[in-house]
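Analysis of the macromolecular model
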Amino acid sequence: MLRTNQVSFRYPQNGHGLSPFSLQISPAKLTLVTGSSGSGKSTLARCLMGLIPHLYNGEMTGEVWLDGERTADLSMWQLAQKSGMVFQNPSAQMLAPTVEDEIIFGLENLGLERSEISERLERYLTQFDLAEMRSRSPLTLSGGEQQKLALAAVVARQPQALILDEPLSMLDTTAALALIGYLEEQVDDGKAVAIFEHRAEYLAGVEGVNLLDLNGTPAPEITSIEGLNLHPRRKFSLEIEGVTVAFGDHTPLKNLSLSLPGGQMVAIVGRNGVGKTTLLRVITGLQKHSGDVKISSPAGTAAPDLGMVFQNPDLQLFNSSVREEILYRIPDPDLVHYAALLDALGLRAYEATPPLLLSEGEKKRLALALVLMRKPRHGVLLDEPSLGQDSHHKAILVGLLRLLADAGQLVVITTHDLPLASQADRLILLGGEGVIADGEPAEVFTDAHAWGKAGIKLPGWFTDQHLGADV
Amino acid sequence: MRVSQSGRTRQVVLVNESPLRRADPRAKLFISLVASFVVMLPLERLAIFIVVYALFLTWARLLPQAARQIWRIKWILLILFVLDWWLIDLDHALLICSRLILLSGVFTLFFSTTTTRELSLTLEYLRLPYRYAFSLSLAFQSLGLLDDEWRAIREAQYSRGAVRETNSLRRMLSQLNDLISLTVPAIVLTTKRAWSITEAAYARGFDSPHRRPYYALSFSWIDGYLALGASLVIGCLLFLN
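Everything numeric here is computed off the predicted structure, so don't read it as measured data.

Cut-offs used in this document
Residues numbered from 1 in each chain as written. Chains lettered and ligands numbered in written order. Predicted model: local features only at pLDDT ≥ 70, side-chain atom pairs only at ≥ 80, totals over all residues. Heavy atoms only, no water. Helix = DSSP H or I, 4+ residues; strand = E, 2+ residues; numbered from the N terminus. Buried < 20%, exposed > 50% of the residue type's maximum accessible area, 1.4 Å probe, protein only. Contact = heavy atoms within 4.5 Å. Areas by Shrake-Rupley, 256 points an atom, 1.4 Å probe, with all protein chains shown as cover. Buried area = accessible area lost by both parts, 1.4 Å probe. Salt bridge = Lys/Arg side-chain N within 4 Å of Asp/Glu carboxyl O. Polar contact = N/O pair within 3.5 Å; in protein donor to acceptor, adjacent residues only side chain to side chain. Phe/Tyr/Trp six-rings, centres within 6.5 Å; stacked < 30°, edge-to-face > 60°. Lys NZ or Arg CZ within 6 Å of the ring centre and 35° of its normal. Pairing = 2+ DSSP bridges. Axes fitted to C-alpha atoms, helices over the stretch in contact; angles between N-to-C directions.

1. Some thoughts on the overall build of chain B
- From N to C terminus, chain B includes 11 helices and 0 strands.
- Listing the helices and strands of chain B from first to last along the sequence gives α-α-α-α-α-α-α-α-α-α-α.
- A buried classification covers 43% of the 241 residues belonging to chain B.
- In chain B, once contacts between residues fewer than 6 apart in sequence are set aside, the share between residues at least 24 apart is 75%.
- Summing over all exposed atoms, chain B offers an accessible surface of approximately 13,500 Å²; the carbon and sulfur share of this is 68%.

Printed below as a string of structure tokens:
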């Protein structure tokens with residue numbers, strides 16, 4: 001169906017890309033391609049779809065064959081008749097003003113009769129449980145619903161092959177499991193499905209998966225934060241008292257009270273829209289709210305001073321080198337602290353590199369460096385820090401966060417990543433009505449009632465690996 | 001209506017309860033374009049037309065939308081009015097401001113009652129190649145996202161100390177440098193999103209020469225009367241003494 005013969009590609013901007021790689025993707029089979037950050041998963045996916053070389057300039061060698069024809073010899077619309085692609089960011093692939101228009105867009109391009117388009121529209125709206133939201137703007141859907149819609153829009157074109165570039169990375173556990181269910185149906189239908197994904201564990205329960213690994217350059221290890229000049233260890237706790245945030249009719253946080261002592265790594269878990277990010281914004285003072293947020297210590301109370309690492313590092317990066325980026329607007333920078341940060345976050349080799357040329361994992365670490373360079377007195381808040389990170393980068397991140405917590409800082413993360421949450425000291429499960437469960441991760445994970453109430457399904461591979469026979 | 005993360009509500013774009021919502025977008029575009037020619041009229045006739053147009057918008061339940069558009073340029077209107085009155089005369093100040101008010105309100109009729117899909121179709125019917133019609137409608141669709149992204153960038157830069165919140169005019173001027181910390185991420189995010197959309201569109205056969213539109217526009221007799229009525233009113237104002 002789809003095969004590559006020692007295909008490789010280099011992007012002209014930074015020379016990154018894909019080293020020569022051969023693979024075969026067969027009908028009625030699910031092929032999982034894993035690999036570390038920077039190993040070229042997305043590049044290979046684009047080669048298979050034909051976006052490379054049709055939309056990208058760069059140095060390409062080798063060949064990609066689709067159904068016996070070289071993809072370089074076919075035009076994009078011809079390739080799109082036989083294969084379809086779903087991308088990593090659900091909202092960035094929404095093209096139409098309504099859900100049904102999103103599906104119709106691809107069907108119009110096939111040149112189908114109006115009656116055939118109507119028939120397929122109804123069929124796939126029903127198959128993907130989208131009928132009730134057919135008139136809504138795709139941009140008002142949750143990430144899981146958007147990804148489901150993107151898949152429906154591609155599947156409705158009835159391609160023989162489906163290529164998915166990290167389709168699970170931005171989804172919560174429940175949405176990820178649902179998407180895999182839809183993909184299994186496509187395999188049963190005889191389609192060739194290729195998934196390029198970090199979160200390979202989600203496919204552990206799927207039968208007959210063909211596993212391929214793209215090896216990348218291993219990321220550096222972090223063993224200590226010696227040299228990091230953190231604020232001296234003092235006992236404090238962040239007190240959140242009766243916080244309410246309302247957006248019109250929607251009240252994501254209602255009379256929320258929490259006490260978060262310094263020296264802890266706290267994970268906040270919950271479905272999309274329950275107010276995880278809003279809570280971080282409240283703590284940093286970016287979000288208007290009622291209620292009180294303060295630091296309480298034996299010396300008295302004070303305003304919190306916590307740095308925030310945003311989900312999307314591109315929001316913050318604009319300087320011409322990593323060095324300039326980290327030192328921007330830092331009066332009398334502590335260069336010993338700076339050097340230690342570079343080493344701790346594995347950024348030493350990129351000191352002169354423009355930040356926008358870094359990989360996503362490197363950008364995330366740089367965003368953390370910006371925050372730590374400001375030496376926030378009470379700790380750091382990280383919004384979905386593992387998003388788009390491979391397991392190795394995640395291990396580095398957790399190692400560093402653990403060291404910060406051990407140094408007395410408060411570390412708060414929001415995440416959909418259950419293995420990451422399981423490594424925290426404390427897990428807070430948020431639901432529509434506020435805190436559903438709060439305690440040590442091992443204790444919270446065994447509370448099946450709480451997870452049911454939060455609308456989160458714990459995947460089998462997770463309970464097997466992390467909780468043993470307790471659940 | 002969407003509520004953004006910071007809780008600010010986005011502008012309601014489409015007025016579904018307007019009787020013009022179901023009218024053919026070509027008729028609405030025609031009325032808007034013809035009405036915009038009225039800015040050439042002298043002050044008295046311009047004032048009459050503004051009153052007639054305001055009555056028409058009231059019937060179409062679009063007056064609040066038009067008022068909102070005009071309110072957005074209140075400072076420009078005020079400055080122009082004062083300057084023109086001071087440097088030329090009151091009549092000229094009134095004429096310039098009336099023209100601006102008319103121009104800012106006139107396209108409310110089209111954009112408050114037309115979806116981006118209808119916009120794309122209208123442009124296609126006007127013989128604009130599909131790829132340009134699609135891109136233009138997509139750009140309109142994405143306008144709301146720009147607002148959200150700009151706010152997100154501002155907050156992210158503020159939280160790292162790259163921009164400072166201030167009310168002092170002198171400090172605001174000294175902070176022009178902050179613009180670079182806002183515009184570079186804005187350009188990067190917009191470019192990335194545009195590229196992602198391009199990839200998604202091509203992966204669904206955007207460049208197919210066999211495309212067949214699912215939707216069609218139909219010009220009914222009501223649309224004809226609307227266009228004719230607008231032409232008559234404007235013709236009378238232009239040519240009758």
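2. Some words on unusual backbone geometry
- The linkage connecting Ile52(A) with the following residue, Pro53(A), adopts the cis geometry, with an omega of 15 degrees.
- Assignment of secondary structure puts Pro53(A) in helix 2 (residues 51-54).
- Its identity as a non-glycine residue notwithstanding, Gln158(A) has a phi of 55 degrees, on the positive side.
- Tracing the backbone shows Gln158(A) in the loop between helix 6 (143-155) and strand 7 (161-165).
- The phi dihedral of Arg127(B) is positive, around 75 degrees, even though this residue is not glycine.
- Tracing the backbone through its elements, the reader meets Arg127(B) in the loop between helix 7 (116-125) and helix 8 (130-159).
- With a relative accessible area of 74%, Arg127(B) lands in the exposed category.

3. Overview of the interface of chain B and chain A
- On the chain A side, the residues contacting the 57 residues of chain B number 60 residues.
- Around 5,100 Å² of area is buried between chain B and chain A when both sides are counted, 57% of it from carbon and sulfur atoms.
- When the buried area of chain B at its contact with chain A is split by residue, Arg160(B), Arg204(B) and Tyr214(B) rank highest and sum to 20% of it.
- Where chain B touches chain A, the interface holds 8 salt bridges.
- Note that Glu108(A) is salt-bridged to Arg211(B), the shortest N-O span being 3.4 Å.
- Joining chain B to chain A, the criterion identifies 27 residue pairs in polar contact (both at pLDDT 80 or more).

4. Some details on the packing of aromatic side chains
All names here are of chain B.
- With the rule as written, the count across this model stands at 21 aromatic pairs over all chains.
- Ring plane angle 50 degrees and centroid distance 5.8 Å describe the contact between Tyr 130 and Phe 206, whose orientation is recorded as tilted. A residue pair is termed long-range when its members are at least 10 positions apart, and Tyr 130 in helix 8 and Phe 206 in the loop between helix 10 (178-202) and helix 11 (221-239) qualify at 76 residues. The two residues Tyr 130 and Phe 206 agree in class, both being buried.
- Positioned above the aromatic ring of Tyr 215 is the side chain of Arg 117, whose terminal nitrogen or guanidinium carbon lies 3.8 Å from the ring centre.
- Sitting over the ring of Tyr 130, Arg 211 keeps its end group 3.6 Å from the ring centre.

5. Examining the sheet that holds strand 15 (residues 306-309) of chain A
All names here are of chain A.
- Pairing is mixed in the open sheet, where 6 strands are placed in the order 15-16-17-12-18-19. Of all strands in the sheet, those with a lone pairing partner are strand 15 and strand 19 (434-439), marking the two edges. Pairwise comparison of adjacent strand axes, ignoring direction, gives a mean angle of 20 degrees for this sheet.
- Where strand 12 (residues 265-269) meets strand 18 (residues 426-431), 4 bridges bridge the pair, whose relative direction is parallel. Across the sheet, residue Val 269 finds its bridge partner in strand 18, namely Leu 429.
- Here helix 11 (residues 360-373) sits on the sheet and contacts strand 15 and strand 16 (379-383); the angle it forms with strand 15, its principal contact strand, is near 165 degrees.

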